[in-house]
Amino acid sequence: MGFFGELIEDVTGKAKRPEIKGGRFESFVSEEIFNDKLFDLVEMTRDFNSNSDRFEERSMNPDFRFRDKRTGEEFWIEAKYRNGLFKNDKGQFVCEICKPWQLDRYKEVEKTSGKKVYICLGLGEDPRFPETVHLIPVYGAYPQLFQSKLKETMIWRNPEIK
């Protein structure tokens, strides 16, 4: 795809490049879900472009560390965006939230930091306007989740989608 094709995808929100989709959803998570009225942003990992210049080790941490202004509790958030579900080899609809090695790393961060780690999963066509958002504790999580678990963990639904 040429420059103009990528530009059109970027403007319409249909960008295929993971770093663009991920960055857009991270913005949604920090501005809409964990907004500054209720949460302090304690730490945020560097973006893809910054890390390609020189990798920073703390980029192995989840994307954000927030502090709840009401309770003072700090926690980590890893933002993940997926277009939807797929059928696994048993014919069941699942969502791959992360790779097994990533989940192991998030669990290790939770263990060493003493702060809970959650995966904030967005689903839909456009990461700027997800259809649903799910908050999944990494403790007890699996790399692939069934629809029933997604229903249990949903914290937000786009009011414009019926």
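The residue numbering used here restarts from 1 in each chain and proceeds along that chain's sequence as written. Local features in a predicted model are, by the rule used here, given only for residues with pLDDT of at least 70; side-chain atom pairs are given and counted only at 80 or more, and totals for whole chains, interfaces and linings are based on all residues. Computation of side-chain values: all heavy atoms of the structure, hydrogens and water removed.

Enquirer: Sorry if this is basic, but what is going on with the nonpolar core here?
Expert: Within soluble globular proteins, side chains that are nonpolar generally end up buried alongside one another. Here, the term nonpolar core denotes a set of buried Ala, Val, Leu, Ile, Met, Phe, Trp, Tyr and Cys residues that are joined through side-chain atoms within 4.5 Å. Per-residue accessibility, obtained with a 1.4 Å probe over protein chains only, is compared with the maximum for each type, and a residue is labelled buried under 20%, exposed over 50%, and partly exposed between these values. By size, the foremost hydrophobic cluster in this structure holds 16 residues, and its most contacted members are I97, I119, L121 and I136. Under the DSSP-based scheme used, a helix requires at least four consecutive residues in state H or I and a strand at least two consecutive residues in state E, with every element numbered from the N terminus. Counting only elements with at least two residues in this core, the list comes to α4 (100–113) and β6 (117–123). With four residues, β6 is the single largest residue contributor to this core. Contacts are assigned to residue pairs that have any heavy atoms within 4.5 Å of one another. L121 has contacts with F25, K80, R82, C95, I97, T132, V133, H134, I136 and L150, leaving out every residue within four places of it along the chain. By size, the runner-up hydrophobic cluster in this structure holds 15 residues, among which are F28, V29, A79 and C120.

Enquirer: What's the story with the pairing of strand β2 (residues 64–68) in this structure? I'm lost.
Expert: Remember that side chains alternate between the two faces of the sheet whenever the strand is regular. Across the five residues that make up β2, a large majority, four, are buried. Pairing of strand β1 (residues 39–44) with β2, which is carried by five bridges, proceeds in the antiparallel orientation. Bridging across to β2, M44 finds its partner in F64. Between the antiparallel neighbours β2 and strand β3 (residues 74–82) lie five residues, among them G72 with a positive phi of about 80 degrees. Think of it this way: DSSP has to see at least two bridges between two strands before they count as a pair.

Enquirer: Just checking my understanding: could you explain the sheet that holds strand β8 (residues 144–146) for this structure?
Expert: Strands pair in a sheet through their backbones, by hydrogen bonds, and they do so in one of two ways: parallel or antiparallel. Taking strand neighbours across the sheet as the criterion, the three strands line up as β4-β5-β8 in an open arrangement whose pairing is antiparallel. Across the chains shown, the open sheet's two edge strands, defined by having one partner strand only, are β4 (86–87) and β8. Two elements, β4 and strand β5 (residues 93–96), share two bridges in a ladder whose sense is antiparallel. In the strand pairing of β5, K87 is matched with F93.

Enquirer: Would you mind showing me how to read the sheet that holds β2 here?
Expert: Strands sit in the order β1-β2-β3-β6-β7-β9 across an open sheet of six strands; the sheet is mixed. Each having just a single partner strand, β1 and β9 (154–157) make up the two edges of the open sheet. When the angles between neighbouring strand axes are averaged without regard to direction, this sheet yields 30 degrees. Every angle, taken between N-to-C directions, lies between 0 and 180 degrees, and every axis is a line fitted to C-alpha atoms, over only the stretch in contact when it is a helix. Helix-sheet contacts for helix α2 (residues 18–33) involve β1, β2, β3, β6, β7 (132–137) and β9, and the interaxial angle to β3 is about 135 degrees.

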